[in-house]
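Below are the chains, spelled out letter by letter.
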Amino acid sequence: MSVSAVAADRSVCAPLPVLGRDVLVPLVTGGEVDYAALDYAASAPALQRVWDDVAAYAPYYGSVHRGAGYLSQLSTDLFENSRRTIAEFLGCRAEDQVVFTRSTTDSLNLLAAVLPQGTRVFVFETEHHASLLPWEQRPDVEVTYLNAPRTPQQAVDTLEKALATREPYGPALVCVTGASNVTGELWPVQELAAAAHAHGARIVLDAAQLVPHHPVDLGELDVDWVAFSGHKLYAPFGAGVLAGRADWLRDAEPYLAGGGASRKVSRRTDGGVDVEWHTTAARHEAGSPNVIGAYAIASACQALTEAGFDGLVAREQELIARLRAGLADVPEVTVLSLFGDDAARVGVLSFVVEGWNSSHFAAALSAEYGIGVRDGLFCAHPLVRTLLGSEPQDPGECGAPDAAPGEKSLNAIRVSLGVGTPDEHVDRFLRAVKELVTNGARWNYRTEAGRCVPA
């Protein structure tokens with residue numbers, strides 16, 4: 001069997017087909033190769049199933065909640081059925097609400113906006129910026145940043161201590177990731193939820209990196225809310241979800257004011273208006289909703305459920321083990337970790353290469369091997385600085401090199417995979433890493449607009 005036939009045969013090992021699996025990209029050294037998308041943690045390619053479902057619905061597109069026509073009614077049913085499908089996928093409780101947003105970032109900013117006045121928020125410095133930054137937008141909310149733990153138990157102990165000493169005793173919220181977008185390591189969500197509830201606090205789970213790789217059940221994890229993005233879950237860009245307890249959402253002013261969020265609007269005798277807002281998820285979904293985005297997320301949920309998470313997780317763990325074993329054979333490579341080599345993780349892994357600027361290394365992977373990875377600080381600057389042992393004032397910018405190719409810089413390389421990753425892409429990546437470390441880049445590179453690119 002030829003080399004190309006072997007590669008083609010191995011490429012079918014991906015459990016679920018995704019868009020872009022047949023895309024050819026040019027190499028600076030000549031020729032073309034099928035693109036190896038190993039940047040799932042940033043945006044996973046859309047499942048073919050999701051794209052087909054969206055395309056099948058497109059001719060029936062209509063406004064929702066406002067139209068008497070057949071297409072409007074069909075679209076409304078599709079939109080609300082998508083909400084129910086996602087609620088079932090997340091194991092939502094009967095009283096929970098599923099609110100459609102634009103992304104994980106939007107979901108957590110929505111939750112920040114509805115916090116009761118005086119809420120104390122506890123968040124680890126290891127969070128993605130989407131879950132690290134929204135809380136400070138509220139001047140009447142106090143934020144406590146917790147130091148990076150080095151074991152799962154230390155995370156629980158750190159939270160316990162912080163919650164036990166809080167004063168005054170009022171509403172409190174803990175925000176924690178389910179799986180790190182930098183290291184892929186799983187966090188002890190159930191234990192952290194138990195600690196939060198034992199001290200009268202609530203907890204929101206940033207599941208952006210968890211939900212594409214593992215089942216997420218609100219009841220089983222005992223979290224109050226969960227937030228995630230469709231574009232991490234094999235759906236196209238533009239939609240996200242905040243699901244969980246209804247009371248804070250119901251009691252707060254609408255996230256946006258406008259049609260759809262209002263149930264009744266009337267003029268007052270003094271010339272103003274009185275508004276009666278919805279108490280359902282519609283309260284925070286003003287304006288015409290992203291029906292296609294919601295349906296795409298629901299389609300992805302169904303596809304993953306039907307494929308079976310047990311098998312998907314088992315195969316992903318095999319690929320992770322292959323990645324780690326291959327990188328361990330390269331002494332110049334250091335894999336980043338908070339909890340150590342034995343920590344459970346999803347298909348996300350970051351590393352640095354001795355003697356290489358990470359942006360230069362990532363550029364060479366792309367230009368010379370057709371492999372797409374991520375480099376920089378991954379919108380988790382405090383965490384990456386901690387992992388690299390840098391000082392807070394050390395220069396470094398997410399996604400941009402701060403040193404010439406070959407010089408040390410404050411950034412790292414991230415490789416991430418998922419249900420559409422064929423074996424060949426992992427093998428090509430490991431071969432490329434070894435060749436670049438051993439022989440160096442075969443091309444010259446320069447910095448342009450903050451990026452390292454082929455000269």
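Calculation criteria
Residues numbered from 1 in each chain as written. Predicted model: local features only at pLDDT ≥ 70, side-chain atom pairs only at ≥ 80, totals over all residues. Heavy atoms only, no water. Helix = DSSP H or I, 4+ residues; strand = E, 2+ residues; numbered from the N terminus. Rg over C-alpha atoms; globule rule 2.2 N^0.38 Å. Contact = heavy atoms within 4.5 Å. Areas by Shrake-Rupley, 256 points an atom, 1.4 Å probe, with all protein chains shown as cover. Lys, Arg positive; Asp, Glu negative; His and termini not counted. Charge placed at Lys NZ, Arg CZ, Asp CG, Glu CD. Polar contact = N/O pair within 3.5 Å; in protein donor to acceptor, adjacent residues only side chain to side chain. Disulfide = S-S within 2.5 Å. Buried < 20%, exposed > 50% of the residue type's maximum accessible area, 1.4 Å probe, protein only. Phe/Tyr/Trp six-rings, centres within 6.5 Å; stacked < 30°, edge-to-face > 60°. Pairing = 2+ DSSP bridges. Axes fitted to C-alpha atoms, helices over the stretch in contact; angles between N-to-C directions. pLDDT = per-residue confidence, 0-100. Parallel < 35°, antiparallel > 145°, perpendicular 65-115°, else oblique. Left-handed = near helix turned anticlockwise from the far one by under 90°.

Asks: Sorry, what's going on with the overall build of the protein chain here?
Replies: On a plain count of helices and strands, the protein chain comes out with 14 helices and 19 strands. Expected size for 455 residues packed as a compact globule is a radius of gyration near 23 Å; at 23 Å, the protein chain falls within 12% of this value. By principal-axis analysis of the C-alpha atoms, the protein chain measures approximately 80 × 55 × 40 Å. Taking as baseline every contact in the protein chain between residues at least 6 positions apart, the subset at least 24 positions apart corresponds to 71%. Total accessible area on the protein chain is roughly 19,400 Å²; 52% of this is exposed by carbon and sulfur atoms. On the protein chain, the mean spot of the 36 positive side-chain charges and the mean spot of the 56 negative ones are 4 Å from each other.

Asks: Explain the side chain of Glu316 to me, please; I cannot follow it from the model alone.
Replies: Checked against the element boundaries, Glu316 lands in helix H11 (residues 309-328). A polar side-chain atom of Glu316 sits 3.0 Å from the main-chain amide nitrogen of Gly347.

Asks: I'm lost on the state of the cysteines in this one. Help?
Replies: Note on terminology: disulfide describes a covalent bond linking the sulfur atoms of two cysteines. Summed over the entire model, instances satisfying the criterion amount to zero disulfides. No disulfide involves Cys175; its sulfur sits 15 Å from that of Cys379, the nearest cysteine. The class for Cys175 is buried, based on a relative accessible area of 0%. The exposure class of Cys379 is partly exposed, given its relative accessible area of 32%.

Asks: Hey, could you run me through the packing of aromatic side chains in this one?
Replies: Aromatic ring pairs: the centre-centre distance and the angle between the two ring planes describe each pair. Evaluation of the coordinates by the stated rule reveals eleven aromatic pairs. On the numbers, 6.1 Å between centres and 70° between planes, the contact of Phe351 with Phe429 is edge-to-face. Highlighted residues: Phe351 in strand E14 (residues 348-353) and Phe429 in helix H14 (residues 423-439), separated in sequence by 78 residues. Neither Phe351 nor Phe429 differs from the other in exposure class; each is buried. Following the ring pairs from residue to residue traces out a cluster consisting of Phe351, Trp356, Phe361 and Phe429.

Asks: I keep staring at the pairing of strand E17 (residues 412-416) and nothing clicks. Help me out?
Replies: If a strand is regular, its side chains alternate between the two faces of the sheet. Across the five residues of E17, five count as buried, placing the element largely inside the fold. Sheet topology places E14 next to E17; four bridges connect them, and they run antiparallel. Its bridge partner being in E17, Val348 is matched across the sheet by Ser416.

Asks: Honestly, the side chain of Arg414 in this entry has me stumped. Any pointers?
Replies: Tracing the chain through its elements places Arg414 in strand E17. A distance of 3.0 Å separates a polar side-chain atom of Arg414 from the backbone oxygen of Asn181. Ignoring any residue separated from it by four or fewer positions in sequence, one finds Arg414 in contact with Leu38, Asp39, Ala41, Ala42, Asn181, Val348, Leu349, Ser350, Val373, Arg374 and Phe378.

Asks: What's the story with the sheet that holds strand E9 (residues 225-229) in this structure? I'm lost.
Replies: A sheet is described by the order of its strands in space; here seven strands give the open sequence E4-E10-E9-E8-E7-E5-E6, paired in mixed fashion. Strand pairing shows two members of the sheet lacking a second neighbour, strand E4 (97-101) and strand E6 (142-146), which therefore form its edges. Within the sheet, the average angular offset between the axes of one strand and its neighbour, ignoring direction, is 20°. For strand E5 (residues 120-124) and strand E7 (residues 172-177), the ladder comprises four bridges, and the chain directions are parallel. The residue bridging Val123 from the neighbouring strand is Cys175, located in E7. Running at roughly 115° to E4, helix H3 (residues 70-89) makes contact with E4, E9 and strand E10 (240-244) of the sheet. On the sheet, helix H6 (residues 152-164) packs against E5, E6 and E7 and is oriented at approximately 160° with respect to E5.

Asks: Sorry if this is basic, but what is going on with the confidence of the model for the protein chain here?
Replies: Confidence in the prediction for the protein chain averages 93 pLDDT; 93% of positions are at 70 or higher. A low-confidence stretch, residues 1-12 stays under pLDDT 50, and its non-local contacts, those more than four residues away or across chains, total seven contacts.

Asks: Quick question: what am I supposed to make of the packing of H6 against helix H7 (residues 189-198) here?
Replies: A packed helix pair is summarised by two numbers, namely the angle formed by the two axes and the spacing between the axes. Two elements in contact, H6 and H7, have axes whose closest approach is 9 Å; the angle formed by their N-to-C orientations is 10°. In terms of orientation, H6 and H7 fall into the roughly parallel class. Of the two elements, H6 crosses H7, and the hand of that crossing is right-handed. When H6 is examined against H7, the residues Ala155, Val156, Leu159, Glu160 and Leu163 are found in contact with a partner set consisting of Glu191, Leu192, Ala195 and Ala196.

Asks: Please explain the sheet that holds strand E13 (residues 333-335) as it appears in this structure.
Replies: Strand pairs in the sheet, formed through backbone hydrogen bonds, run parallel or antiparallel to each other. Here we have four strands laid out as an open sheet, ordered E13-E14-E17-E16, and antiparallel in their pairing. Bordering the open sheet on either side are E13 and strand E16 (374-376), each of which pairs with just one other strand. Between one strand and the next, the sheet's axes are offset by a mean angle of 30°, whatever the strand orientation. Both E13 and E14 contribute to a ladder of three bridges, which runs antiparallel. Opposite Val333, over in E14, you have Val353 as the bridge partner.

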